[in-house]
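One-letter residues, chain by chain:
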Amino acid sequence: MRYLSTRDASGDASQRFCDILIGGLAPDGGLYLPESYPQVDDATLTSWRRLLEEKGYAALAHAILSLYIDDIDSEDLLGICRRAYTAEKFRTEDIVPVTRLDERLALGHLSNGPTAAFKDMAMQLLGELFEYELARRDQSLAVLGATSGDTGSSAIFALKGRARIHVFMLSPLGRMTPFQQAQMFSVDDPKVVNLAVDGVFDDCQDIVKKVASDLEFKELHRLGAVNSINWARLLAQVVYYVACWIRCTERNDQQVSFSVPTGNFGDVCAGHVAKQMGVPIDALVVATNENDVLDEFFRTGVYRVRRSAETQETSSPSMDISKASNFERFVFDLLGRDGARTAELFSGLGTGEGFDLSDVPALAQARSRYGFRSGRSTHADRVATIAAVDKEFGVVVDPHTADALKVAFDVLDGDDVATPVVVLETALPVKFAETIREALGHDPETPEAFAHLADAERHVTEIDNDADLVKKIIVETLT
Ligand SMILES: *Cc1c(COP(=O)(O)O)cnc(C)c1O
């Protein structure tokens, strides 16, 4: 399997999986995609069903990943999958259990990993892949990232304790939830450096950009990233779409739909890939919060990057985005993989700017051929949904999952989707206690594994909003 950039007009698929594993964007600013999606037939689906039932999630992951990765030895890849997806890390044999709520609704639990958010599904695999590839190349890596909450701790828990990897994670001082802070700062590892910046998330991101734009510095200290446009992260996520489909069906001719709480379009883009492979997926429902860039696109065909003043802070903060960084992948497919056109639309797309696909057949196809639906929720919707789902099904969900449930009810009640909907649960309620208290009048349950966090020692350095200071800390830590 070869990979090409979404902005490559020549269609030159020249990269192999391990070439794009550690890098981020393609040199032309595009995102990598496989040259084609491997197609699965009935026999393959049957064999995957058996594999999941008899050998478990890691074996299924190996089978799916093998279709996309041909530059890692198959036995080694199996070892990587087995180390990434253990019952110990995910606190369940199933890794991704599915709870059936009623005839038409199920929950796919993606948040049983080490940091109680769905990012672990991809990061745990990425950690293993990085370790393997760095050893093979005899290289080291310093991961520099900025986080507003879930990504940072998920990356830290996946990368800590690895011989060749340092992590420098910037977060906005005092702006994450108490649980997120306690969790992220609990890690005691000299190679994991938490920097709480006196500023907001955008300031953290600006520092990362500034440091990474110093190419000499970047090269010298082997700086890398683990951002959401990484293809390996997306690929890891394809596996749980297959696993949820298997766990909700008995036969291969039964389709299911998914409702996905969406921010950067990474999670639902993996669903798109699974559907394009021929996995029996009907609709892919994009659920946004008040930051509705994507709902607007799927309703109107207009994609408009929000200005930072328009980007709202909501009670589902991991979906508070001004533009959806993975969206370019879907648009590339939607435009018949026209790299020149994709480059025209996306390169230099600034805040407040956008494009309009409403007058091309593409928008109708997004719905008919690709299965996309969309909707949005408000804070009041999420609070009401958390209360209603607790009352009706006795299940407490976090505000991100509530976004997706709200929109799932809308499309089902509106007869817009006729197949059972799997709502992807992307975080445990304990991470967002304040909203749960507002909805239910009491605190969410704290799973045993996180009980110690409240009193854990904190390992974090508070710093000024200063890129040069971050560079200095990187140099001092690495030498
Ligand atoms: C990251 C995240 C999302 C959004 O996922 P995308 O891949 O960015 O669309 C939703 N919910 C939670 C809890 C998250 O951490």
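Criteria and thresholds
- Residues numbered from 1 in each chain as written.
- Predicted model: local features only at pLDDT ≥ 70, side-chain atom pairs only at ≥ 80, totals over all residues.
- Heavy atoms only, no water.
- UniProt positions renumbered as here; feature names shortened; annotations may be inferred.
- 1 Å grid on protein atoms, 1.4 Å probe; cavity = no way out; pocket = protein on both sides within 12 Å on 5 of 7 lines; lining within 4 Å.
- Points joined across faces, edges and corners; volume = space filled by probe spheres on them.
- Nonpolar A, V, L, I, M, F, W, Y, C, P; charged D, E, K, R; others polar.
- Near = heavy atom within 4 Å.
- Polar contact = N/O pair within 3.5 Å; in protein donor to acceptor, adjacent residues only side chain to side chain.
- Areas by Shrake-Rupley, 256 points an atom, 1.4 Å probe, with all protein chains shown as cover.
- Core = buried A, V, L, I, M, F, W, Y, C linked by side-chain atoms within 4.5 Å.
- Buried < 20%, exposed > 50% of the residue type's maximum accessible area, 1.4 Å probe, protein only.
- Helix = DSSP H or I, 4+ residues; strand = E, 2+ residues; numbered from the N terminus.
- Contact = heavy atoms within 4.5 Å.
- Pairing = 2+ DSSP bridges.
- Phe/Tyr/Trp six-rings, centres within 6.5 Å; stacked < 30°, edge-to-face > 60°.
- Lys NZ or Arg CZ within 6 Å of the ring centre and 35° of its normal.
- Disulfide = S-S within 2.5 Å.

In the nomenclature of an unreviewed UniProt entry, the chain corresponds to Threonine synthase from the organism Mobilicoccus caccae. Looking at the Sequence similarities (unreviewed entry) heading of the UniProt record, one finds this comment for the chain: "Belongs to the threonine synthase family."

> Would you explain empty space enclosed by the protein in this entry?
A probe matching the size of a water molecule, rolled over the atoms, marks out where space remains unfilled. Inspection of the entire model under this criterion finds 1 cavity of 30 Å³ or more. In this structure, the largest cavity encloses a volume near 50 Å³. Lining the largest cavity are Ile20, Gly23, Gly24, Leu25, Ala26, Gly30, Leu31, Tyr32, Ile229, Asn230, Trp231 and Arg329. Its residues assigned to classes, the lining of the largest cavity comprises 7 nonpolar, 4 polar and 1 charged.

> Help me understand the site of the ligand, please; the structure alone is not making it clear to me.
Near the ligand you find 15 residues, and of these Lys119, Asp150, Gly263, Asn264 and Asp267 are the closest. Here an oxygen atom of the ligand sits 2.6 Å away from a polar atom, N or O, in the side chain of Asp150. For the ligand, an oxygen atom lies 2.8 Å from a polar atom in the backbone of Gly263. Surface burial for the ligand is 96%, taken as the share of its 390 Å² of free accessible area covered by protein chains. Tallied by class, residues from the shell around the ligand come to 5 nonpolar, 7 polar and 3 charged.

> What is the right way to read the nonpolar core from this model?
Across soluble globular proteins, you tend to see nonpolar side chains buried next to one another. The biggest cluster of nonpolar side chains holds 116 residues, and the ones touching the most others in it are Trp48, Tyr85, Tyr241, Phe265, Tyr303 and Phe327. Looking at which element gives the most residues to this core, the answer is helix 11 (residues 231–248), with 15 residues. For Trp48, the contacting residues outside a window of four places in its chain are Val40, Leu60, Ala63, Ile64, Leu67, Val242, Ile246, Met277 and Val279. In this structure, Leu107, Val395, Ile436 and Leu440 belong to the second largest nonpolar core, which totals 25 residues.

> What exactly am I supposed to notice about the pairing of strand 7 (residues 192–197) here?
Walk down a regular strand and you will see the side chains alternate between the two sheet faces. Judged by how many residues are buried, strand 7 sits mostly within the fold: 6 of 6 residues are covered. In this sheet, strand 7 lies alongside strand 6 (residues 165–172) in parallel orientation, the contact comprising 6 bridges. By the bridge assignment, Pro172 is partnered in strand 7 with Val197. Pairing analysis gives 3 bridges linking strand 7 to strand 15 (residues 461–463), with the strands arranged parallel.

> I keep staring at the UniProt feature "domain: Threonine synthase N-terminal" (unreviewed entry) in the chain and nothing clicks. Help me out?
Within this structure's numbering, the places UniProt gives as "domain: Threonine synthase N-terminal" (unreviewed entry) are residues 2–85. Its end C-alpha atoms 26 Å apart, residues 2–85 is made of 48% helix and 7% strand.

> Is there a simple way to explain the packing of aromatic side chains in this structure?
By convention here, two paired aromatic rings are described through the distance between centres and the angle between planes. Counted by the stated rule, this structure contains 24 aromatic pairs. Ring geometry for Tyr241 versus Phe258: centroids 4.7 Å apart, planes at 65°, classification edge-to-face. Pair noted here: Tyr241 is in helix 11 and Phe258 is in strand 9 (residues 256–261), with a separation of 17 residues, a long-range link. Since its relative accessible area comes to 0%, Tyr241 is described here as buried. Between Phe298 and Phe330, the aromatic rings sit 5.9 Å apart at their centres with planes inclined by 40°, giving tilted as the arrangement. Here Phe298, found in helix 13 (residues 293–300), pairs with Phe330, found in helix 14 (residues 327–334); they are 32 residues apart in sequence, far enough to count as distant. As far as burial versus exposure is concerned, Phe298 and Phe330 are alike and both buried. The structure contains a cluster of three or more aromatic residues connected by ring pairs, namely Phe265, Phe297, Phe298, Tyr303, Phe327, Phe330, Phe346, Phe355, Tyr370 and Phe372. Over the ring of Trp245 we find Arg49, and its NZ or CZ is 4.6 Å from the ring centre. Of note, Lys471 hangs over the ring of Phe217, and the distance from its end group to the ring centre comes to 5.4 Å.

> It is not clear to me how the pairing of strand 13 (residues 372–376) should be interpreted in this structure. Could you clarify?
Where burial is concerned, most of strand 13 is hidden: 4 out of the 5 residues are buried. Pairing of strand 10 (residues 281–288) with strand 13, which is carried by 5 bridges, proceeds in the parallel orientation. Considered in strand 13, the bridge of Leu284 is made with Phe372.

> Help me understand the state of the cysteines, please; the structure alone is not making it clear to me.
Cysteine pairs can be covalently joined through their sulfur atoms, and such a bond is termed a disulfide. Summed over the entire model, instances satisfying the criterion amount to 0 disulfides. Free of any disulfide, Cys244 has its nearest cysteine sulfur in Cys248, 6.5 Å distant. Cys269 forms no disulfide, and the closest cysteine sulfur to it belongs to Cys244, at a distance of 17 Å. Cys269 sits in the buried class, given a relative accessible area of 1%.

> In this structure, what is going on with the side chain of Lys431? I would like to understand it.
Here Lys431 shows up in the loop between strand 14 (421–425) and helix 19 (433–440). What makes Lys431 buried here is its relative accessible area of 1%. At 3.0 Å, the side chain of Lys431 forms a polar contact with the side chain of Asp150. Apart from residues lying up to four places away in sequence, Lys431 is in contact with Thr115, Ala116, Ala117, Asp150, Ser153, Thr177, Phe179, Gln180 and Gln183.

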